[in-house]
Amino acid sequence: MPMSGTGVLDVRMPPPMSTAKKFQLRLSEIFFPDDPLHKFKDQTLSRKFVLGLQYFLPILQWAPHYTLTLLKSDIISGLTIASLAIPQGISYAKLANLPPIVGLYSSFVPPLIYSVLGSSRHLAVGPVSIASLVMGTMLRETVSDEEQPALYLKLALTATFFAGVFQASLGFLRLGFIIDFLSKATLVGFMAGAAVIVALQQLKGLLGITHFTNKMQLIPVLSSVIHEEKEWSLETIVMGVCFLIILLVTRQISIIYPKLFWISAATPLTLVILSTALVAGLKSKLHGVQTIGKLPEGINPPSVNMLFFSGHYIGLAIKTGLITGILSLTEGIAVGRTFAALKNYQVDGNKEMMAIGLMNMSGSCTSCYVTTGSFSRSAVNYNAGAQTVVSNIVMAIAVLIVLLFLMPLFRYTPNLILSAIIITAVVGLIDYKGAYEIWKVDKLDFLAALCSFLGVLFISVPIGLAIAVGVSVLKILLHVSRPNTVPLGNIPGTKVYQSLTRYKEAVRIPSFFIIAVEAPIFFANSLYLQERILRWIREEEEWLELHNSSNILCVILDMTAVTGIDTSGIDLITELRRMLNLRSIKLVLVNLVGGVMEKLQFSNILESFGSEGLYLTVGEAVAEISSSLKTEP
C-alpha cells in the first residue's frame, strides 16, 4: 500500500464507478443480499432452466434423491403430527369463530401445497392460535359469526386470500425486511397478551357458559365469567379441569424429557376420543355438556365463489388479511429458520414468503383460512424424526381419511376438550424467560414488550400490536437521531484507542481530543451531533483546565462506524471544521469508509483538509500530528 514520505499509509479514494453501477450494487445489497442467482453463473441454458424450476419448486430439488429410508421417517413423523393437527385444527377454527370443519380443511390442502413450494424440511403447516385469534377478533368486531355466519365465513376466506397476496408479494418483490419491524420484544409481549386473552376466552367452554361476551379485552371477559355464574355446569367443569391437567402434565413431561415428545403429541387426540366416547356413552347423564355437533363429510368444497373484491366489507377483509398475514408470516419463517439452524441447512426467507402466500391464496379457494408453520407441531415433527416435507403430505393424507370416513365420530366431541387443548397450546406462548432476558439486556425493548402485552389485554389485539410496533419504530428513530459518541484514550503500551469511561486504564493524549461517532451521519442527526461534539469539547476543556493540562490543539473524529453520510452530514463536517478553525483547533478525520470518502470528495471538502487532515488509524494521526506540532516554533 502506498505510503507518504513519513511512513504513514495514504488514504485512498475507492475505485471510480459509474452512477448506474453504484445504483445497481445498492439495489443488489438491499433486495439480494444472499445472491440467489449465484448458482446460475457459468451454466448452460438447459441447466439454468432446471435450476430455475428447482428454485420455484423446491420439490424438484429433493424428490429425485428421495429414498425409502427417508419415507419411513417421514411416515412416522407425519402420523405423529396428524394426531396433534386434527384436534388443534378443530380447536383453532373455533378460536377464529369459524365452523370446526374449516380447521380440518385447513389441515389438508395447505400442507400439500407447501410440500411442493416450501423449502423447510421440518415446518408443519396448518392453523395457528395467534392468526386464528386475530382473525376472529377483527372480524367479530364488525360482523357477528352467530347472526351472519355466511357473511362471516366469506370475510374470513377473503381475508385469507388477501393475506396470501400480501405474503407472496413480499417474497416476490423481496421486501421481507418489512416484517423485521416486528421485533422479538414486540412479539414476546404480543403473544403473551394474546395467550392470556385466548386462555380466558376458553373459560366459556371449560365452565359450560352459553351466553359469553364477544369482546376480547381482559375486563369484559372476566366480567362475563362472573356475571354468568348461573350457567356454570359442574360436570363440564370437572371433566374440563381433569383433561386440562392431563394435557398440561404431559406437556411438561415432554419438555423435561424431549425423547418422550410423543406423549404430549398423542395426548390431545387420545383425549378427544376418550371425551367423545364418554359423552356419547353417558349422554343421558351428561346432558349439560355442550358438544361440537354434526360435521359435514367429504373433502374441501371449492370456495372461489365466496371471495369478494368490492362492497362494504372489503376494507375489513384487506385489513384483517394484512395483519394476520404479517403475523403468520413472521411465525412461519421464524419457526422454519429455527429448525433449519438445528439441522445446519438454510431456509430462503423470500421463497418461504412466496410459498406461504401461494398456499393461503390457494387455501382461500378451497374453504381454508389463514395457515402457516406452527411451532408446536413443527417441534413435534422435528423430534419425531422428519427428514423432508413429505411428513406434511402424510399428515394431509391422515386428515383426508378423517374427512372422508370419520367425521360422524366427532358429533359428540365436547367443547370443553377443545378449550383445554387451546389453553395448553397457548401456555407455551407466554415466554416469561424471554421477557426477563429482554428486561436485563434492553429496558426500551422491554417497554415495547410491556406496551404490546398491556395493549392486547386492555384495548384490543390489533391496537396492542400497533402500539408495540410504534414503540419499536420510536426506538429505531431514537437510535438513528441520537447516535452514540464516545471520547477515546490510548491504552498504554499499545496502539489501541478505546473509550475513556469503559477502559479506566485508557489515558488522554496531550493536546488531542479523540472522539468516535458510532452511526451514519445524515439529516436526522447532524444537528444533534454538532451540538454533542461541541459539548464534548467544552467538557474536555473544562477537565483539562481543572487538571492544569495542555489545551486542545487537535480534534480527531474516528469515523470507523460512520457507514454513510448525506449532504446534511457534509455540512456538519464543514461547519465543525470552520468553528474549530476559529479557535485554532485542527480537525482530523480518521478511517473513512469508501462511500463517505467519495461523497466528501465530490463535495470538495477534502481539499480543505489536505494530506494532514485524513488518516487510516487514530494511532497514525496522533503520531504524525504530534511530530509536526513539535517542529512548530
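This section reports on the structure supplied with the text. (Residues numbered from 1 in each chain as written. Predicted model: local features only at pLDDT ≥ 70, side-chain atom pairs only at ≥ 80, totals over all residues. Heavy atoms only, no water.)

As for the side chain of S233
Which entries qualify depends on this criterion: Per the convention used, a helix needs a DSSP run of H or I reaching at least four residues, while a strand needs a run of E reaching at least two, with both numbered from the N terminus. The term polar contact refers here to a pair of N or O atoms within 3.5 Å; inside protein, the definition further demands a hydrogen-donor-capable atom paired with an acceptor-capable atom, and it admits residues adjacent in sequence only when both atoms are side-chain atoms.
If you trace the backbone, S233 turns up in the loop between α11 (218–227) and α12 (234–256). Within the local environment of S233, its side chain forms a polar contact with the side chain of T236, the two groups lying 3.0 Å apart.

Quick look at the packing of aromatic side chains
The criterion, for reference: Side-chain rings of Phe, Tyr and Trp, where Trp is taken by its six-membered ring, are said to pair if the distance between their centres is within 6.5 Å; with planes under 30 degrees apart they count as stacked, over 60 as edge-to-face, and otherwise as tilted. Exposure classes here rest on a 1.4 Å probe applied to the protein chains alone. A residue is buried below 20% of its type maximum, exposed above 50%, and partly exposed in between.
Here the structure, examined in full by the defined rule, presents nine aromatic pairs. Where W439 meets F446, the ring centres are 5.1 Å apart and the plane angle is 75°; that geometry is what we call edge-to-face. Residue W439 is classed as partly exposed on the basis of its relative accessible area of 39%. Aromatic side chains F522 and F523 sit 5.3 Å apart centroid to centroid with 80° between the ring planes, which places their arrangement in the edge-to-face category.

Section: the pairing of strand β6 (residues 554–558)
Keep this limit in mind: In this description, strands pair whenever DSSP reports at least two bridges between them. By convention, a crossover is right-handed whenever its connection, traced from the first strand over the helix to the second and viewed with the strands pointing away, goes clockwise.
Burial runs high along β6: five of the five residues are buried. Side chains C554, I556 and D558 project from β6 onto one buried face, and the interleaved V555 and L557 project onto a second face that is buried too. Across five bridges, strand β5 (residues 512–517) lies against β6 in parallel orientation. Bridge pairing links F512 to C554 in β6. For the handedness criterion, the β-α-β arrangement of β5, helix α22 (residues 526–546) and β6 is classed as right-handed. Pairing between β6 and strand β7 (residues 586–590): five bridges, direction parallel. Paired with C554 across the bridge in β7 is K586. Once the chain exits β6 it traverses helix α23 (residues 567–582) before rejoining the sheet at β7, and the crossover so formed is right-handed.

Some details on the packing of helix α14 (residues 314–342) against helix α16 (residues 375–383)
Condition: An axis is simply a line fitted to the C-alpha atoms; with a helix, the fit covers only the stretch in contact. Between two such axes, the angle follows the N-to-C directions and lies from 0 to 180 degrees. Oblique is the label for any angle not under 35 degrees, not over 145, and not in the 65 to 115 range, which are roughly parallel, roughly antiparallel and roughly perpendicular in turn. Two helices cross in a left-handed way if the nearer one is turned anticlockwise from the farther one by less than a right angle. They cross in a right-handed way if the turn is clockwise. Residue contacts follow a heavy-atom distance rule, with two residues in contact if any of their heavy atoms lie within 4.5 Å. Classes in brief: Ala, Val, Leu, Ile, Met, Phe, Trp, Tyr, Cys and Pro nonpolar; Asp, Glu, Lys and Arg charged; the others, Gly included, polar.
One can describe the packing of α14 onto α16 by two numbers: an axis separation of 10 Å at closest approach and a directional angle of 20°. It follows that α14 is roughly parallel to α16 by the angle criterion. α16 is crossed by α14, and the crossing has right-handed handedness. Here E331, V335, F339 and L342 of α14 lie close against α16, whose contacting residues are F375, S378, A379 and Y382. Each residue belonging to the contact of α14 with α16 can be placed in one class, and the counts come to six nonpolar, one polar and one charged.

Some words on the sheet that holds β5
The sheet built from six strands is open, its strands ordered β4-β3-β5-β6-β7-β8 with mixed pairing. Because the sheet does not close on itself, it has two edges, and the strands there are β4 (497–499) and β8 (614–615). Taken together, the three bridges between strand β3 (residues 485–490) and β4 define a ladder with antiparallel strand orientation. Within β4, the residue paired with N490 across the bridge is Y497. On top of the sheet, α22 reaches β3, β5 and β6; it is set at about 150° to β5, its chief contact.

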